[in-house]
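# A closer look at the structure
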Amino acid sequence: MKIALLGYGRMGKEIEKIALSRGHEIVIRKDIGDKIDITLADVAIDFSVPSSAFDNIKNCLENNVPIISGTTGWLENYEKAVTLCKENNGAFIYASNYSLGVNIFFELNKQLAKMMSNLEDYNISMEEIHHTKKLDAPSGTAITLAEGVIENTTKENWKLGDKVNESEISIVAKRIPEVPGTHTVWYDSEVDSIEIKHTAHNRKGFALGAVVAAEWIIGKQGVFSMKDVLNIR
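These lines cover the structure that appears in this document, whether it is placed above or below. None of these values were measured; they are calculated from a predicted model. (Residues numbered from 1 in each chain as written. Predicted model: local features only at pLDDT ≥ 70, side-chain atom pairs only at ≥ 80, totals over all residues. Heavy atoms only, no water.)

Read from one edge of the open sheet, six strands run β2-β1-β3-β4-β5-β11, paired in parallel fashion. Across the chains shown, the open sheet's two edge strands, defined by having one partner strand only, are β2 (25–30) and β11 (222–224). Within the sheet, the average angular offset between the axes of one strand and its neighbour, ignoring direction, is 15°. Direction of pairing for strand β1 (residues 2–6) relative to β2: parallel, over a ladder of five bridges. Following the sheet pairing, L5 is matched in β2 by R29. Helix α3 (residues 78–87) rests against β5 (91–94) and β11 of the sheet, and its axis sits at about 160° to β5. (Pairing = 2+ DSSP bridges. Helix = DSSP H or I, 4+ residues; strand = E, 2+ residues; numbered from the N terminus. Axes fitted to C-alpha atoms, helices over the stretch in contact; angles between N-to-C directions. Contact = heavy atoms within 4.5 Å.)

So this is what it looks like as structure tokens:
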């Protein structure tokens, strides 16, 4: 399989290692501003920056190249990407996190939210910690977690910071050098607390998940998620 890496930072380099170890070929390594011929690739994996992500996705979909997007911070254009995918009979996956463990964590988060939905004495809050080079806050993973809670409780929105009203979920974002990613969801009451937490030890899990998604999407058409790739129901 010929892979285009759209974004050749730390994640791009980690994905390259995993892809090569699984017998794939890297035919494009794109940094910001590089001109490329995306049709050289069988599939593209985008871990770029928010300002470049949609243009990268658009280029792939308009040239019939399946695209795996792991860049966060561009989702105001997500519906445009979905429309482009459908118009071009393309194949597209966006995930805020490609780690198998995190995708299981997403499902645990939803189940816990359902169980806690009628217990009004508990306050819900979240914290995410990432490396100092992460450009967006809160993380896409934290937003996905918050959306999972909102779907299953009376909460209506999330807000960055700890100053929130009763209908909002507080997300505190911290940036610490060399932290791949830690996400915590708390339910606090006067009598006790419940906490679920996912801690990434390195970037290999994210990279492996992205490569597995790229392998899975070949020959398919449509807009998919990691639930489809991992057959999580």
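Now for the pairing of strand β8 (residues 168–175). Pairing of strand β6 (residues 123–130) with β8, which is carried by six bridges, proceeds in the parallel orientation. Across the sheet, the residue bridging to M126 is I171, located in β8. Two elements, strand β7 (residues 157–160) and β8, share four bridges in a ladder whose sense is parallel. In the strand pairing of β8, W158 is matched with I169.

The subject of this paragraph is unusual backbone geometry. Here the bond from A137 into P138 is cis, since omega is -5°, no more than 30 degrees from zero. A positive phi angle is found at N89, which is not glycine, with a value near 50°. With respect to the helices, strands and loops of the structure, N89 is situated in the loop between α3 and β5. Looking at N89, the relative accessible area reads 48%, which means it is partly exposed. Even without glycine at this site, E178 takes up a positive phi of about 60°. (Buried < 20%, exposed > 50% of the residue type's maximum accessible area, 1.4 Å probe, protein only.)

Okay, a nonpolar patch on the surface next. Residues L100, I104 and L108 make up a contiguous nonpolar surface patch of roughly 290 Å² in combined accessible area. Within the fold, I104 resides in helix α4 (residues 100–116). (Patch = residues over 30% accessible without salt bridge, like charges linked within 9 Å, V, L, I, M, F, W, Y side chains within 5 Å. Areas by Shrake-Rupley, 256 points an atom, 1.4 Å probe, with all protein chains shown as cover. Salt bridge = Lys/Arg side-chain N within 4 Å of Asp/Glu carboxyl O.)

Ranked by internal contacts, the top residues of the largest apolar core, which has 26 residues, are I15, I45, I68, I93 and Y98. Of all elements in the fold, only β1, α1 (10–21), β3 (43–46), β5, α6 (204–217) and α7 (226–230) reach the threshold of two or more residues within this core. Top contributing element to this core by residue count: α6, with seven residues. In contact with Y98, other than residues within four places in its own chain, are F47, I68, S69, G70, I93, N103, G205, F206, G209, A210, A213 and M226. Grouped together as the second largest cluster of nonpolar side chains are 19 residues, A4, I57, L61 and I67 included. (Core = buried A, V, L, I, M, F, W, Y, C linked by side-chain atoms within 4.5 Å.)

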